[in-house]
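Summary of the model geometry
Read off the chains here:
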Amino acid sequence: MNIGNLIKISLRALNNNKMRAFLTMLGIIIGVASVITMLAVGQGSKKSIQSQISQMGSNMIMIQPGTGMMGGVRQSSSDMQSLKLEDYYAIRDKTSYIAAVSPSVSSGGQFIYGGNNYPASISGVTPEYLDIRKLEVDEGNVFSRQQVASAAKVCLVGQTIIKNLFPNGEEPVGKVIRFNKIPFTIIGTIKAKGYNTMGMDQDNIVLAPYTTIQKRVLAITYIQGIFASALSENVTEKAISEVSTILRTNHKLKASDQDDFNVRSQQELSSMLTSTTDILTILLACIAGISLLVGGIGIMNIMYVSVTERTREIGLRMSIGAKGRDILSQFLIEAILISFTGGIIGIILGGGASLLIKLVIHWPISVQPYSVFLSFLVCTITGVFFGWYPAKKASQLDPIEALRYE
Amino acid sequence: MSKAIIRLENIKRNFQVGDETVHALRGVSFSIYEGEFVSIMGSSGSGKSTMLNLLGCLDTPTEGEYYLDNVAVSSMNKNERSTLRNRKIGFVFQSYNLLAKTTAVENVELPLQYNPDYTGKERREKAIKALDAVGLSDRLYHKSNQMSGGQMQRVAIARALVNDPVLILADEATGNLDTRTAYEIMVLFQELHAKGRTIIFVTHNPELAAFTNRNIVLRDGKVIKDSANDHIESAKKMLDALPKQED
């Protein structure tokens, strides 16, 4: 008997018992829908964390001076003066995995405009810093290379600063604010980024040319740190080792010496946070998988009932020439049809539920194509696995006994 | 003499029930020739059902050889016998055994579905022809649960005819029907016989033997009578003689 006929026969058998077929299917529908929804929730939260990290610059590399000894006293890294401008130039010019690099010096103090003041720190950087930190200019412009070279007293301000220094909604660009008595002209504003995952206000920021901070504010020649961004997240590791090699050469460190600097990336943070959500996803998927298993057992149960109920039909089919394998495939296809149809409905329902969660409770949702494919596959396997035994039993019936079955 | 459709040679069939061996058939030999209408009779326990199962290739004998259309059946395996049943035998059962909620024509097509030589179109054509032969050409698409007992048995007979079998095997085919319908079915069998079909009618009802041209009687697993019937009754006449129904 060909497959088309078998499917037709199975469809009719299911059609004759619509309610039962639907209830059996329900187990699979709920199973598949929950697998898809749970994975969508899990992956959604993972993605949202990843995107927050990448907003901070997921390929960002931070270079800080290492802690070290000065006359027998251990120093904090910010007091170390091991990073020089030469290091910045070397990283800028000699590396192949770095997309952008900026030195960093910063100083804390009080900003004053008119009758308002606000405490914040001012960071001295190059224009590349905005790319590295994924910051965007809202109004005005970034300072130019000339302004960096001439140590111009200009700055870019974040939204928190604007809110506190210009509470009446004045236009900040062009205004002069004072930081520790030094006047800075605001030449641009930075778009709001809000709080990051660690609860840091990313809008509490003032950027100025690093030369200005070095010469006019701190009066130092060393730099406190270097920010860089790797070409992509994948080459971050390579970029880090490259930077380390350059710095070790620059600092004339022997092979036995420890690094006098620290190179860190966001990846550690990223992998820590995503591993948490991965565990969450696995847990959710397990629960959903169990419900799929229960659905499969439901199929098996109903197929048993169906085989018993249709013993006479099996007997008849055998007496008019059906072979064992014809009967086997008939019942197997019936089981597969139940799980397959249940799977399709489950996928639609799961997709719908995911969408609903997104729209109603605003959870980040990401429906994974692989989860759809996977649950489909699992469904079919469930059908074959749980349909096999009852179908085998049907195919092994003795036609004489089966015909006489009451 | 015409060709032997069935040749039984000293058939024995034993069943093991617990520690005891039951001898259902104790050495049966006979032949049935093309175009015969044979009734096999016997009370319960006579070995009638066992005989039916053997003739229908649903079972194999413990001893002896059975030739159906010159093919030795005893040594065949399950699948070979399935194919043999599909090509050579048409079954008619007491309880019709139609598929539920399925149209007449689809029920009749069923044996051909297990024969890959037929296309869907050929199946449908043959099924319609078979239903025409049993006088149900106006009921092709009625479902089995919308038909009377007599109509259902006609569908079952059409199903037995559809594969052009060498042998039609009827098991108490009128057992579930009222007298009038039973005669109607017998008329149909006699018509089929007249057209040259070989029919074996297994029954416990001696009255029905009068309509067949040869009677075989079994008792305790042995043939006790095998005789030609010289006075074949016409089922058509009996039917006409019945008092008219009032509806």
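Residues numbered from 1 in each chain as written. Chains lettered and ligands numbered in written order. Predicted model: local features only at pLDDT ≥ 70, side-chain atom pairs only at ≥ 80, totals over all residues. Heavy atoms only, no water.

1. Here's the deal with the overall build of chain B
Looking only at helices and strands, chain B has eight helices and 10 strands in total. Its C-alpha atoms give chain B a radius of gyration of 18 Å, within 12% of the compact-globule value 18 Å for 247 residues. Judged by the C-alpha coordinates and their principal axes, chain B covers about 50 × 45 × 40 Å. The long-range share in chain B, meaning contacts at least 24 apart out of those at least 6 apart in sequence, stands at 69%. (Helix = DSSP H or I, 4+ residues; strand = E, 2+ residues; numbered from the N terminus. Rg over C-alpha atoms; globule rule 2.2 N^0.38 Å. Contact = heavy atoms within 4.5 Å.)

2. Looking at the sheet that holds strand β4 (residues 63–68) of chain B
All names here are of chain B. Spatially, four strands are ordered β2-β1-β4-β5 in an open sheet, and the strand pairing comes out antiparallel. Since the sheet does not close on itself, it has two edges, and those belong to β2 (20–33) and β5 (71–72), each with one partner. Bridge count between strand β1 (residues 4–17) and β4: five bridges; the pairing is antiparallel. Each residue of the ladder has a partner; that of Ile-6, found in β4, is Leu-68. Most of the contacts of helix α1 (residues 48–55) go to β1, to which it runs at about 125°, and overall it touches β1, β2 and β4. (Pairing = 2+ DSSP bridges. Axes fitted to C-alpha atoms, helices over the stretch in contact; angles between N-to-C directions.)

3. Here we look at the sheet that holds strand β8 (residues 199–203) of chain B
Residue and element names in this part refer to chain B. With mixed pairing, the six strands of this open sheet are ordered in space as β6-β7-β8-β3-β9-β10. The open sheet has two edge strands with one neighbour each: β6 (89–92) and β10 (222–228). Looking at each pair of strands side by side, their axes are set apart by 15° on average, direction ignored. Bridge analysis of strand β7 (residues 167–171) against β8 gives four bridges, and the strand direction is parallel. Across the sheet, residue Asp-171 finds its bridge partner in β8, namely Val-202.

4. Considerations on helix α6 (residues 179–194) of chain B
All names here are of chain B. Between its terminal C-alpha atoms α6 stretches 22 Å, which fits the 22 Å expected from 16 residues at 1.5 Å a residue. Of all the positions in α6, only Arg-180, Thr-181, Ala-182, Tyr-183, Ile-185, Met-186, Val-187, Leu-188, Phe-189, Gln-190 and Leu-192 are classed as buried. For α6, the side-chain oxygen to backbone nitrogen distance between the N-cap and Arg-180 is 3.2 Å, and the N-cap itself is Asp-178. (Expected span 1.5 Å × (residues − 1). Buried < 20%, exposed > 50% of the residue type's maximum accessible area, 1.4 Å probe, protein only. Polar contact = N/O pair within 3.5 Å; in protein donor to acceptor, adjacent residues only side chain to side chain.)

5. Describing the interface of chain A and chain B
Across the boundary between the two partners, chain A contributes 25 residues, which contact 25 residues of chain B. Of the roughly 2200 Å² buried between chain A and chain B on both sides combined, carbon and sulfur atoms contribute 52%. In this assembly, chain A and chain B are joined by one salt bridge. Taking the shortest distance from any N to any O, the salt bridge between Arg12(A) and Glu106(B) comes out at 2.5 Å. Summed over the shared surface of chain A and chain B, the number is 11 residue pairs in polar contact (both at pLDDT 80 or more). Counting only elements with at least two residues in the side of chain A that touches chain B, the list comes to α1 (3–16), α10 (311–319), α11 (324–360) and α13 (399–404) of chain A. Here the side of chain A that touches chain B takes six residues from α10(A), the largest share from any one element. Its residues placed into classes, the side of chain A that touches chain B shows 10 nonpolar, seven polar and eight charged. (Buried area = accessible area lost by both parts, 1.4 Å probe. Salt bridge = Lys/Arg side-chain N within 4 Å of Asp/Glu carboxyl O. Nonpolar A, V, L, I, M, F, W, Y, C, P; charged D, E, K, R; others polar.)

6. A few points about helix α7 (residues 210–218) of chain A
Structurally, the α-helix is built with 3.6 residues per turn, so residues lying three or four positions apart point the same way. Every buried residue of α7(A) is listed here: Tyr210(A), Thr211(A), Thr212(A), Ile213(A), Gln214(A) and Val217(A). Directly beyond the C-terminal end of α7(A), a positive phi value near 55° is found at Ala219(A).

7. Details of the domain arrangement of chain A
What the domain assignment reports for chain A is domain 1 (3–53 + 272–404) and domain 2 (60–265). In this structure, domain 1 of chain A and domain 2 of chain A have C-alpha centres spaced 57 Å apart. (Domains from an automatic or database assignment.)

8. Quick look at the pattern of salt bridges
Tallied over the entire structure, the rule returns 23 salt bridges over all chains. Here Lys48(B) makes a salt bridge to Glu172(B), at a shortest N to O gap of 3.7 Å. Of this pair, Lys48(B) sits in helix α1 while Glu172(B) sits in the loop between β7 and α6, and the two are 124 residues apart along the sequence. Glu172(B) matches Lys48(B) in its accessibility class, with the two residues each being buried. Across the pair Asp69(B) and Lys88(B) runs a salt bridge, and its minimum N-O distance is 2.8 Å. Here Asp69(B) is found in the loop between β4 and β5, whereas its partner Lys88(B) is found in helix α2 (residues 78–88), with 19 residues between them in sequence. For Asp69(B), a relative accessible area of 13% gives the class buried. Salt bridges here are not isolated pairs; linked through shared partners, they connect Arg310(A), Glu313(A), Arg317(A) and Glu334(A).

9. Digging into the pairing of β10(B)
Of the pairings in the sheet, the one linking strand β9 (residues 214–219) of chain B to β10(B) comprises six bridges and is antiparallel in character. The residue of β10(B) that forms the bridge with Leu218(B) is Val223(B).

10. Quick look at the pairing of strand β9 (residues 182–190) of chain A
All names here are of chain A. When you tally the buried positions in β9, you get seven out of nine residues, the bulk of the element. Pairing of strand β7 (residues 154–157) with β9 involves four bridges; the strand directions are parallel. In the strand pairing of β9, Cys-155 is matched with Ile-186. Two elements, strand β8 (residues 176–179) and β9, share four bridges in a ladder whose sense is antiparallel. Its bridge partner being in β9, Ile-177 is matched across the sheet by Phe-184. Counting the residues between successive antiparallel strands, the hairpin from β8 to β9 contains two residues, one of them, Asn-180, with a positive phi of roughly 45°.

11. Side note on the packing of helix α3 (residues 85–94) of chain A against helix α8 (residues 236–250) of chain A
All names here are of chain A. Between α3 and α8, whose axes approach to 10 Å, the crossing angle comes to 135°. Relative to α8, α3 is oriented oblique. Between α3 and α8 the crossing geometry is right-handed. Along the contact surface, α3 presents Glu-86, Asp-87, Ala-90, Ile-91 and Lys-94, while α8 presents Val-243, Ile-246, Leu-247 and Asn-250. (Parallel < 35°, antiparallel > 145°, perpendicular 65-115°, else oblique. Left-handed = near helix turned anticlockwise from the far one by under 90°.)

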